[in-house]
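For reference, the chains in residue letters:
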Amino acid sequence: MQIFYEADADLNVLRGKKVAVIGYGSQGHAQAQNLRDSGVEVIVGQRPGSANYDKAVEDGFEPVSAREAAEEGDVIQILTPDHAQAALYHQDVAPCMKAGKTLLFSHGFNIHYGQILPPANVDVVMVAPKGPGHLVRSEYVRGAGVPALYAVHQDATGHAVQTALAYAKGIGATRAGVLETTFKEETETDLFGEQSVLCGGVSELIKAGFDTLVEAGYQPEIAFFECMHELKLIVDLIYRGGLAYMRYSISDTAEYGDLTRGKRVITEETRKEMKKILGEIQSGAFARDWILENQAGRPMFRATRESEKRLLLEEVGSRLRAMMPFLDAVKMI
Ligand SMILES: NC(=O)C1=CN([C@@H]2O[C@H](COP(=O)(O)OP(=O)(O)OC[C@H]3O[C@@H](n4cnc5c(N)ncnc54)[C@H](OP(=O)(O)O)[C@@H]3O)[C@@H](O)[C@H]2O)C=CC1
Ligand SMILES: CC[C@](O)(C(C)=O)C(=O)O
């Protein structure tokens, strides 16, 4: 597997071209600013009347409509949420798709599941940072980067790979390393990771641990520190040196508990369920579920999102975090 770094990508590929970044949310604000700081000409497409519009203005952009950005952009990066991309593409981007332009994504969902079908005379590529947008920006600012994957779905110009790598360099990803993938592989693995491990799996693991301790009569604050707060510190060790470094740093007692009890938490049943979840992603069943949920106005998504905000775990967590002023305060706009 080849890993592409700074020397493998040439920002000159984007010289004289305009990159339209449509959507100024988590990835949009990060990618647009990193590209601009890398010397790339950027135009931001962001609808007015929202905090993201105000932020784009605060950051020194003059946001225009998605249609205007798509008209002006030689490279058009769609960074609105996945469920909203197809409608936005059909209404504002498709009419501006001229031969030789590049259509870019940071996740393959809409191409892989056939919600967007670009014309054959444009390049269709993906540069997908393997990290949240706010880190894509903060890592870039501190001189580092978040690794990324790139993929080519269509190469009409013969230069699609060079464009993708130049874009990856512009957002700082080649500082950390860029790997080649396909739209299919990125989409399926990304959905699987966020559902089974990174977001779904971890959230449920934290809640199950917290509830077990609280239901047994322990103080919620102690349960919070044990099952949520310390998780970050443990993951930091894993991030830096793998499971081995985490096990090197923890006590032998903790390591023995890890090696002998962990498999009772993540059982064969859990592994079977993970395979089922992967199957639903591969068959398109999850994509259909998510698309229909959006078409219905997101009833389940909204209700569950609200009930999760009211969890005791979250209430205790926000109180305890407020007592640690050295933690960076987060602003959720
Ligand atoms: N979040 C992440 O860290 C990662 C995201 N990705 C991918 O990046 C892409 C963008 O995701 P993310 O940054 O999370 O998105 P966000 O939800 O953070 O971005 C929302 C942006 O899109 C705009 N928007 C929302 N709905 C519409 C609409 N119907 N029409 C026009 N504009 C709209 C919002 O404007 P307004 O403020 O007006 O609502 C806002 O600017 C997705 O493909 C995602 O899978 C990939 C890797 C990581
Ligand atoms: C883990 C969630 C993610 O896949 C990501 C930050 O990479 C996302 O789509 O937000």
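Residues numbered from 1 in each chain as written. Chains lettered and ligands numbered in written order. Predicted model: local features only at pLDDT ≥ 70, side-chain atom pairs only at ≥ 80, totals over all residues. Heavy atoms only, no water.

The protein chain is annotated in an unreviewed UniProt entry as Ketol-acid reductoisomerase (NADP(+)) of Desulforhabdus amnigena. On record in UniProt, under Sequence similarities (unreviewed entry), the comment for the protein chain is "Belongs to the ketol-acid reductoisomerase family." (UniProt positions renumbered as here; feature names shortened; annotations may be inferred.)

Visitor: Would you explain the site of ligand 2 in this entry?
Guide: With respect to spatial proximity, the complete set of residues near ligand 2 consists of Gly131, Pro132, Asp190, Glu194, Leu198 and Cys199. Take Asp190: an N or O atom from its side chain is 3.2 Å from an oxygen atom of ligand 2. Within the side chain of Glu194, a nitrogen or oxygen atom sits 2.6 Å from an oxygen atom of ligand 2. Isolated, ligand 2 exposes 290 Å² of accessible area, and the fraction of that covered by the protein chains is 60%. A breakdown of the residues in the shell around ligand 2 according to their chemical character gives 3 nonpolar, 1 polar and 2 charged. (Near = heavy atom within 4 Å. Polar contact = N/O pair within 3.5 Å; in protein donor to acceptor, adjacent residues only side chain to side chain. Areas by Shrake-Rupley, 256 points an atom, 1.4 Å probe, with all protein chains shown as cover. Nonpolar A, V, L, I, M, F, W, Y, C, P; charged D, E, K, R; others polar.)

Visitor: Would you explain the site of ligand 1 in this entry?
Guide: Near ligand 1 lie 22 residues; those nearest to it are Tyr24, Gln46, Arg47, Asn52 and Asp82. A distance of 2.8 Å separates an oxygen atom of ligand 1 from a polar backbone atom of Gln27. Between ligand 1 and Ser50, the relevant distance is 3.0 Å, taken from an oxygen atom to a side-chain nitrogen or oxygen of the residue. Within the complex, 74% of the 900 Å² of free accessible area of ligand 1 lies under protein. Those elements that place two or more of their residues in the shell around ligand 1 are α1 (26-37) and α4 (82-93). Class assignment of the residues belonging to the shell around ligand 1 gives a composition of 7 nonpolar, 13 polar and 2 charged. (Helix = DSSP H or I, 4+ residues; strand = E, 2+ residues; numbered from the N terminus.)

Visitor: How should the UniProt feature "binding site: Mg(2+) 1" (unreviewed entry) in the protein chain be read in this particular structure?
Guide: Within this numbering scheme, the UniProt entry marks Asp190 and Glu194 as carrying the feature "binding site: Mg(2+) 1" (unreviewed entry). Tracing the chain through its elements places Asp190 in helix α8 (residues 183-198). Polar contacts involving the side chain of Asp190 include one to the side chain of Lys130, which spans 2.9 Å. Tracing the sequence through the fold places Glu194 in helix α8. Accessibility expressed as a relative area gives 30% for Glu194, which makes it partly exposed. With residues up to four places along the chain from it excluded, the contact list for Glu194 reads Cys199 and Gly200. (Buried < 20%, exposed > 50% of the residue type's maximum accessible area, 1.4 Å probe, protein only. Contact = heavy atoms within 4.5 Å.)

Visitor: Explain the packing of α1 against helix α6 (residues 133-141) to me, please; I cannot follow it from the model alone.
Guide: The geometry of a pair of packed helices is captured by two quantities: the angle between their axes and the separation between those axes. At a minimum axis distance of 7 Å, the contact between α1 and α6 shows a crossing angle of 25 degrees. Judged on the interaxial angle alone, α6 and α1 are roughly parallel. Where α1 crosses over α6, the two elements pack in a sense that is left-handed. Across the interface between the two elements, Ser26, Gln27, His29, Ala30, Gln33, Asn34 and Asp37 from α1 touch Gly133, His134, Val136, Arg137 and Tyr140 from α6. Residues of the contact of α1 with α6, tallied by class, amount to 3 nonpolar, 7 polar and 2 charged. (Axes fitted to C-alpha atoms, helices over the stretch in contact; angles between N-to-C directions. Parallel < 35°, antiparallel > 145°, perpendicular 65-115°, else oblique. Left-handed = near helix turned anticlockwise from the far one by under 90°.)

Visitor: Please explain a nonpolar patch on the surface as it appears in this structure.
Guide: On the surface, Met1, Ile3 and Tyr5 cluster together to form a nonpolar patch covering roughly 340 Å² of accessible area. The residue Met1 is located in the segment before β1 (3-4) in this model. Residue Met1 is classed as exposed on the basis of its relative accessible area, which comes to 74%. (Patch = residues over 30% accessible without salt bridge, like charges linked within 9 Å, V, L, I, M, F, W, Y side chains within 5 Å. Salt bridge = Lys/Arg side-chain N within 4 Å of Asp/Glu carboxyl O.)

Visitor: Got a minute to help me understand the side chain of Thr80 in this structure?
Guide: Tracing the chain through its elements places Thr80 in the loop between β4 (75-78) and α4. By relative accessible area, Thr80 is classed as buried at 17%. If we ignore the near neighbours within four places in the chain, the residues touching Thr80 are Ile22, Gly23, Gln85 and Leu88.

Visitor: Quick question: what am I supposed to make of the UniProt feature "domain: KARI C-terminal knotted" (unreviewed entry) in the protein chain here?
Guide: UniProt marks residues 182-327 with the feature "domain: KARI C-terminal knotted" (unreviewed entry), using the numbering shown here. A distance of 38 Å separates the end C-alpha atoms of residues 182-327, which is 86% helix and 0% strand.

Visitor: Quick question: what am I supposed to make of the packing of α8 against helix α12 (residues 268-283) here?
Guide: Between α8 and α12, the least distance of the axes is 10 Å, while the angle of their chain directions is 145 degrees. Taken as a pair, α8 and α12 cross one another with a handedness that is right-handed. Residues Glu188, Leu191, Phe192, Gln195, Ser196 and Val197 of α8 pack against Met274, Ile277, Leu278, Ile281 and Gln282 of α12. In terms of residue class, the contact of α8 with α12 is made up of 7 nonpolar, 3 polar and 1 charged.

Visitor: Would you explain the pattern of salt bridges in this entry?
Guide: Any two side chains of opposite charge can pair if their charged atoms end up close together. Per the counting criterion, the structure on display carries 17 salt bridges. The salt bridge involving Glu306 is made with Lys309; its shortest N-O contact spans 3.2 Å. Here Glu306 and its partner Lys309 are both found in helix α14 (residues 299-309), 3 residues apart, which amounts to about one turn of the helix. Overall, the relative accessible area of 52% leaves Lys309 in the exposed class. Via salt bridges that share partners, Lys18, Glu41 and Glu72 belong to a single interconnected network.

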